[in-house]
Amino acid sequence: MRARQLGIHLGLGTPCPFNAITDVPGVRVGHSTLNQRMDGQQVSTGVTLVHPRSGAAALKPCFTGCHVFNSHGLIATGLEWIREAGHHTTLLAISNTHSVGVVRDALIALEREELCKTGAVSWCIPVVMGPNAGLLNHVWGQHVGVQQVREAMACAQSGPVPQGAVGGGTGMICHEFKGGIGAASRRFTAEQGGYTVGAVVQANLGKREVLRVDGYPVGRRLGHIPSPFAERGTPGMGSIVVILATDAPLLPHQCQRLAQRASIGIARTGGGTEDSSGDIFLAFATGNRDLPTADYGRKGLGFSTPLAMLNNDHISPLFSAAAEAVEEAIINALLAGVPMTSADGVQVPALTAQVLLETLELTGWNRS
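Summary of the structure given here. (Residues numbered from 1 in each chain as written. Predicted model: local features only at pLDDT ≥ 70, side-chain atom pairs only at ≥ 80, totals over all residues. Heavy atoms only, no water.)

**Quick look at the packing of aromatic side chains**
Part 1 of the argument: Under the criterion given, the structure shown has 1 aromatic pair.
Part 2 of the argument: Ring geometry for Phe 69 against Phe 281: centres 6.2 Å apart, planes inclined by 25°, an arrangement best described as stacked. Within this pair, whereas Phe 69 is found in strand E3 (residues 62-70), its partner Phe 281 is found in strand E13 (residues 277-285), the two being separated by 212 residues in sequence.
Part 3 of the argument: Here Arg 208 stacks its cationic end above the ring of Phe 177, 4.2 Å away from the centre of that ring.
Part 4 of the argument: The positively charged end of Arg 261 is found above the aromatic ring belonging to Phe 319, 3.9 Å away from the centroid. (Phe/Tyr/Trp six-rings, centres within 6.5 Å; stacked < 30°, edge-to-face > 60°. Helix = DSSP H or I, 4+ residues; strand = E, 2+ residues; numbered from the N terminus. Lys NZ or Arg CZ within 6 Å of the ring centre and 35° of its normal.)

**Here we look at the pairing of strand E2 (residues 41-51)**
Part 1 of the argument: Among the 11 residues that make up E2, 10 are buried, leaving the element largely enclosed by the rest of the structure.
Part 2 of the argument: Relative to E2, strand E1 (residues 28-38) runs antiparallel, the two being bridged by 11 bridges. The partner of Arg 37 across the bridge, within E2, is Gln 42.
Part 3 of the argument: Taking the residues that link successive antiparallel strands as the turn, the E1-E2 hairpin has 2 residues, and the phi of Asp 39 there is positive, at about 55°.
Part 4 of the argument: Looking at chain direction, E2 and strand E6 (residues 92-94) are connected through 3 bridges and run antiparallel. Across the sheet, residue Thr 48 finds its bridge partner in E6, namely Ile 94. (Buried < 20%, exposed > 50% of the residue type's maximum accessible area, 1.4 Å probe, protein only. Pairing = 2+ DSSP bridges.)

**Description of the pairing of strand E7 (residues 127-130)**
Part 1 of the argument: Neither face of E7 is left uncovered, since the one carrying Val 127 and Met 129 and the one carrying Val 128 and Gly 130 both have all their residues buried.
Part 2 of the argument: Across 3 bridges, the pairing between strand E4 (residues 75-77) and E7 is antiparallel. In the strand pairing of E7, Ala 76 is matched with Met 129.
Part 3 of the argument: In terms of strand pairing, E6 meets E7 through 3 bridges, oriented parallel.

Honestly, it's all geometry; don't read function into it.
Here is the structure:
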């Protein structure tokens, strides 16, 4: 069950058919999941890949912006180049903290294979992000490898996005419940430009007592459910990765502005105030096509490229959509969670649809 299926309508915007980042034309998502016992350890991790456009990513750059709300404990590669160049030319990957390096290396190797098929000569700086999943996953084992990256690439598709304990979100904990991957989207009328904004999150943050759903403080009434941090760790420790996509013609600085609005969606659910929570947001726009690739040896490339830009007077609806989509994606990640137990017996409960609805009603919420 997802929030919309329960009658929980977050914000004022209208979701697209998939209610996911894949509602943006050309965007695909793929997962590879590891969830098993290995050598006496619990391995609960994986890889989630976001393909910005169909075809080889290196040949179809996207304008991109990023925002680091808090960098505590969250490892990321490629962000400095996004800040410098304003675009990215690779797939976007999310895993766990100790697997960021190997996923980056795997993407470089696989990108080289793809480029060799086309005869192109290029280079790449993969964007890989990874929150810690140390309670449920044996992060020191570094179990994610090239095979998992290949699997995530092979199964990437448009359409509904599998959510919850899948891919990089397998071992994540959100507001002291099972977290993971969540997705949502918003669409605009023709009078508003007809654009789409989609979000995917890897939610691994938040204290239970501050959890809000549709503005209602449900977390205050959920203290009777045992916390996985009762004997180990600290409530609120964790991180969140947010990837936003839009088909609007945004320039890099506008993408950065869009990425910043993810913090509003996180705040609406009660997150974003913990020192130990790493929060990194990235937004890309596919509205400008045929951006030049990096190939400095090529001759005949013009000195300039015609571009389109959304007028700033009309960008506010995109900001609202980003905030709403992130808020809903986090709640969807919670609702898609399944109970899990760590290797040493720590139990992480799931927030079920029934419990959430009963708690919302106790706070005075009415199904709309």
